[in-house]
Amino acid sequence: MPRTPSPRAPRKRKTAKPPARRSPPKKTAGRGWKHYLLRVLLVAALVGGVVLAGYLLLLDRQVRAQFEGRQWALPAHVYARPLEVFAGMKLSADDLVAELDLLGYHADPDAVGLGRAGAYRLGGGRVELVSRAFTFWDGEEAGHAVRVRFDGGRVAALEALTGQAPALLRLDPLRIGGIYPTRAEDRSLLRLDDAPKGLTDALIAVEDSRFHEHHGIDPIGILRAVWHNLLAGRVVQGGSTLTQQLVKNLFLSDERSLQRKFNEASMAALLELHYGKEQILETYLNEVYLGQDGSRAIHGFGLGAEFYFGRPLNELRSEHLALLVGLVKGPSYYNPRRNPERAQARRDVVLAVMEREGLITSTEAVRARTAPLGLAEPRQAGGNRYPAFLDLVRRQLQRDYHEADLTSEGLRIFTTLDPRAQREAETRLGKRIGYLQERHGPKGVLEGAVVVVRPDNGEVQALVGGRDARFDGLNRALDAVRPIGSLIKPVVYLRALEEPARYSLATLLDDGPFSLRQAGVAEAWQPQNYDHEFHGKPLLIDALAHSYNPASARLGLALGLGEVHGAIRRLGVEREPPLVPAMLLGAYNLSPFEVAQLYQPIAAGGFRAPLRAIREVMNTDRQPLARYSLRIEQTFDSQVIGLLGVAMREVVRSGTARYLNRMLDNDAAVAGKTGTTDDLRDSWFAGFDASRLVVVWMGVDDNSRANLTGASGAMLVWGDVMRALGVDPLPDAPPPGTVVAEVDRDSGLLADAGCPDTVRLPFIAGSEPRGMASCAAVLGVPSAPTVAPVAQPREPSAPEPRQQKEASPWESPLEWLLNPN
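Keep in mind that what you see is a predicted model, and the values were worked out from it rather than measured.

## Side note on the overall build of the protein chain
Assigned secondary structure in the protein chain consists of 25 helices and 29 strands. A total of 821 residues make up the protein chain; the buried ones form 53% of that total. Looking at the protein chain alone, contacts between residues at least 24 apart form 69% of all its contacts between residues at least 6 apart. Accessible surface, the protein chain as shown: approximately 38,900 Å² in total, 53% of it carbon and sulfur.

Now the structure itself:
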């Protein structure tokens, strides 16, 4: 049966769908991210630019603040006394040449003929020289070309080689050291106008040939350096400009990093933006590092010239300037004292550049290449030639200046040091100690100290702090405070002679045994002589000459300990002595420097002058600051001091120091006193002539036995020093105004030719003996005493020979006959 179709459901009308939105193609999405990234980069660049600009502004502020206010920490420079040469002064040609050599003058006849400063020539009993100009505290001293003639160890005349001869030739002073800041940098400031043109031209030619064209950074120079380094396969050339090198030295560390290199380039450009080439070059000349002297860093070409060649920069020749310029590349690597071949090769490279650039002629280049390095003798490491003396200078300066001023303000300090006296004191002490160490064999190391003073004004001419004078350690001249032994006795006798009604040189003293009980002390004090003998009743002058202990102790006790203490204070020593009887025989501890102060008024006729090492101080602008004026005060009567001087001359003539007559090859017209302490621990001698006071101490640092008396140790050093410097004899005339009489040594009474043992002595008027000695009575009344004229003392003459007492065996050591010099 046919199927019946089912009815169809009605067909729904299809409604139109909105067109589907097409997603953007991938290409359009990529463009959006790039725009976003670009915006991020622009913002980052803007922020980076702001940060960079801010950073550069900080660098700019740092550069300007530090460069404009640039003040180097300039150490104080210390100078010796200037040698002043005039007709009639005691000075030999050899002494003058030694001083010139020390100052760095060079023997160059051609330079003298051309009038070049710092040169001399010797011959025919004369010295011709061209002195250097120098600014002293009292003005500018011009350079002079002069001929100095000599006759018999004295200057006969000063004659001009050009112009007019000066009445007094004052040489530039020797620089003996400095007082350095903590960083121990040293430099001698140099103005660009004062720098030799050959130096600046060579520096620019070698280190930065485009210095005047670039603006702190030299791209062409950098590319050239890269090219040369690639060809060589190693670093043979740098691309840093002088400005970059200066920035590194002034503002940056030695760290190797991209940041430091960026800072260097940026600061160099900023520096050139604000400052001129001349200012930058002048700063470079003073800042460049040129080497090391112990702990002291050598900065600047001014100091480099002094350090390597011992001369000012303006006296250097082309080979010297080339070496200094060559050192800029590597002061340690090209150190001419350690690596002379390497340094010479570097010098010759610089000379080749100078010849190529037309800075020197071919003839000069050949001469300079064949010349030696010409280095000066190396000085004491650290720049201080005489550390003990510099120690004294520093201590005296600290009374008036802060430490920061001494190490940063560039002070110029003019001292009293005499280089010749210092050299001889160092040499003689060192030689004699070496001999005595071997001869006497103390268990410890034998040490010593020397102080040389000009008595009339208290100026310290030399000071040695130990056997190794270059050792900057214990300064025994100032800090070895030891018992002074018999050096105290002249003070006791001086105080006695101030009472002419009680004491004179002819007063009989008691040198017999005695015993003194003291409160709180179990054992009695019984002073003994070194030879363990007693010597009856000697004259006061003989008791001092032979250093008799019982006689001196009795005299001091009769005067009173307080009176002796007062005399010590009047002589200028502030350290308090122990007010006990043993003080009268030297139980009083002083340093050699304090002993020199104790003896200075004695050597100066009763006029006290505080010992000083400084004359003047100037600032960096060469303006005088503090004047260390001379302070002199008369604290003892000149006649009393004169009597003591007669007694101290007797110490040398017949007493414990009589061997000096043999050492000094004459009658030894000098005065002095030996000193020995218990168990031979300390050996002392203090003595003077008409122009010098010298104090010597010897001993062992740990206070063990030195096995030396004053006469077998310190006195020998004293004689060596005085013989080397030359004795200026004391006048042989009695003190002006005193009364002179012949005295019998046994009785202390007036004597005549009938007495076998007499001495002619001066007396303060009214204190001369009134009675006659028994030996003279048979011949009648002796001749009346005569009065010494108050006038200029006559030239010293040899004394009349007379019979001398037998010397104590302990003061006649065999060592006297064995002179190592």
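## As for the environment of Pro762
You can see Pro762 is positioned in strand β28 (residues 758–763). Owing to a relative accessible area of 4%, Pro762 belongs among the buried residues under this scheme. Put simply, Pro762 and Pro734 are 28 residues apart on the chain and 6.1 Å apart in space, counted from C-alpha to C-alpha. In this structure Pro762 touches Leu505, Leu643, Val646, Pro734, Pro735, Thr738, Val739 and Val740, once residues within four positions along its chain are discounted.

## A short note on helix α15 (residues 419–440)
An α-helix turns once every 3.6 residues. As a result, residues three or four positions apart point the same way. Here α15 is 22 residues long and its end C-alpha atoms lie 31 Å apart, about the 32 Å a rise of 1.5 Å per residue gives. The N-cap of α15, judged by a side-chain oxygen 3.0 Å from the amide nitrogen of Arg420 a few residues on, is Asp418. Downstream of α15 by a residue or two, Gly441 has a phi angle that is positive, lying close to 60°.

## Examining the sheet that holds strand β9 (residues 154–160)
Taken together, five strands build an open sheet; the order of strands is β3-β4-β5-β8-β9 and the sheet is mixed. The sheet is open, and its two borders are formed by β3 (106–107) and β9, each paired with just one other strand. Pairing between β3 and strand β4 (residues 119–123): two bridges, direction parallel. Bridging across to β4, Ala107 finds its partner in Tyr120. Seen against the sheet, helix α2 (residues 93–102) touches β4, β5 (126–130) and β8 (145–151) and runs at an angle of roughly 25° to β5.

## Observations concerning the state of the cysteines
Inspection of the entire model under this criterion finds one disulfide. Sulfur-sulfur distance for the disulfide between Cys755 and Cys775 comes to 1.8 Å. Between Cys755 and Cys775, the disulfide has an S-S torsion of 90° and is therefore right-handed. Here Cys755 is found in the loop between β27 (739–744) and β28, whereas its partner Cys775 is found in helix α25 (residues 774–777), with 20 residues between them in sequence.

## Brief notes about the pairing of strand β24 (residues 671–676)
Counting buried residues in β24 gives five out of six residues, a clear majority hidden from the surface. The sheet contact formed by β24 and strand β25 (residues 682–688) spans six bridges and is antiparallel. The residue of β25 that forms the bridge with Thr674 is Phe685. Where β24 hands over to β25, the hairpin turn is made up of five residues, of which Asp679 adopts a positive phi near 60°.

## Describing the packing of helix α11 (residues 340–356) against helix α12 (residues 362–370)
Between α11 and α12, the least distance of the axes is 10 Å, while the angle of their chain directions is 175°. Compared by their axis directions, α11 and α12 come out roughly antiparallel. From α11, Gln344, Arg347, Asp348, Leu351, Ala352 and Glu355 reach across to α12, where they touch Ser362, Ala365, Ala368 and Arg369. Classifying every residue of the contact of α11 with α12 gives four nonpolar, two polar and four charged.

## Looking at the sheet that holds strand β26 (residues 693–700)
Read across the sheet, five strands follow the order β17-β16-β26-β25-β24 without closing on themselves; strand pairing throughout is antiparallel. The sheet is open, and its two edges are formed by β17 (459–464) and β24, each paired on a single side. The average undirected angle you get between the axes of adjacent strands in this sheet is 10°. As judged from the seven bridges shared by β25 and β26, these two strands associate in the antiparallel manner. Its bridge partner being in β26, Gly687 is matched across the sheet by Val694. Helix α21 (residues 592–603) contacts β16 (446–454), β17, β24, β25 and β26 of the sheet and is inclined by roughly 150° relative to β26.

## So, the packing of helix α10 (residues 318–327) against α11
Two numbers describe how α10 lies on α11: the axes approach to 8 Å, and their chain directions differ by 110°. In terms of orientation, α10 and α11 fall into the roughly perpendicular class. Contacts from Ser318, Glu319, Ala322, Leu323, Val325 and Gly326 of α10 reach α11 at Ala343, Arg346, Arg347, Val350, Leu351 and Met354. Residue composition of the contact of α10 with α11, grouped by class: seven nonpolar, two polar and three charged.

## Considering the pattern of salt bridges
Taken as a whole, this structure holds 49 salt bridges when the rule is applied. For Arg346, the salt bridge goes to Glu207, with nearest N and O atoms at 4.0 Å. With a gap of 139 residues between them, Arg346 in helix α11 and Glu207 in helix α4 (residues 197–207) connect regions that are remote in the sequence. For Glu207, a relative accessible area of 18% puts it in the buried group.

Definitions and cut-offs
- Residues numbered from 1 in each chain as written.
- Predicted model: local features only at pLDDT ≥ 70, side-chain atom pairs only at ≥ 80, totals over all residues.
- Heavy atoms only, no water.
- Helix = DSSP H or I, 4+ residues; strand = E, 2+ residues; numbered from the N terminus.
- Buried < 20%, exposed > 50% of the residue type's maximum accessible area, 1.4 Å probe, protein only.
- Contact = heavy atoms within 4.5 Å.
- Areas by Shrake-Rupley, 256 points an atom, 1.4 Å probe, with all protein chains shown as cover.
- Expected span 1.5 Å × (residues − 1).
- Polar contact = N/O pair within 3.5 Å; in protein donor to acceptor, adjacent residues only side chain to side chain.
- Pairing = 2+ DSSP bridges.
- Axes fitted to C-alpha atoms, helices over the stretch in contact; angles between N-to-C directions.
- Disulfide = S-S within 2.5 Å.
- Parallel < 35°, antiparallel > 145°, perpendicular 65-115°, else oblique.
- Nonpolar A, V, L, I, M, F, W, Y, C, P; charged D, E, K, R; others polar.
- Salt bridge = Lys/Arg side-chain N within 4 Å of Asp/Glu carboxyl O.

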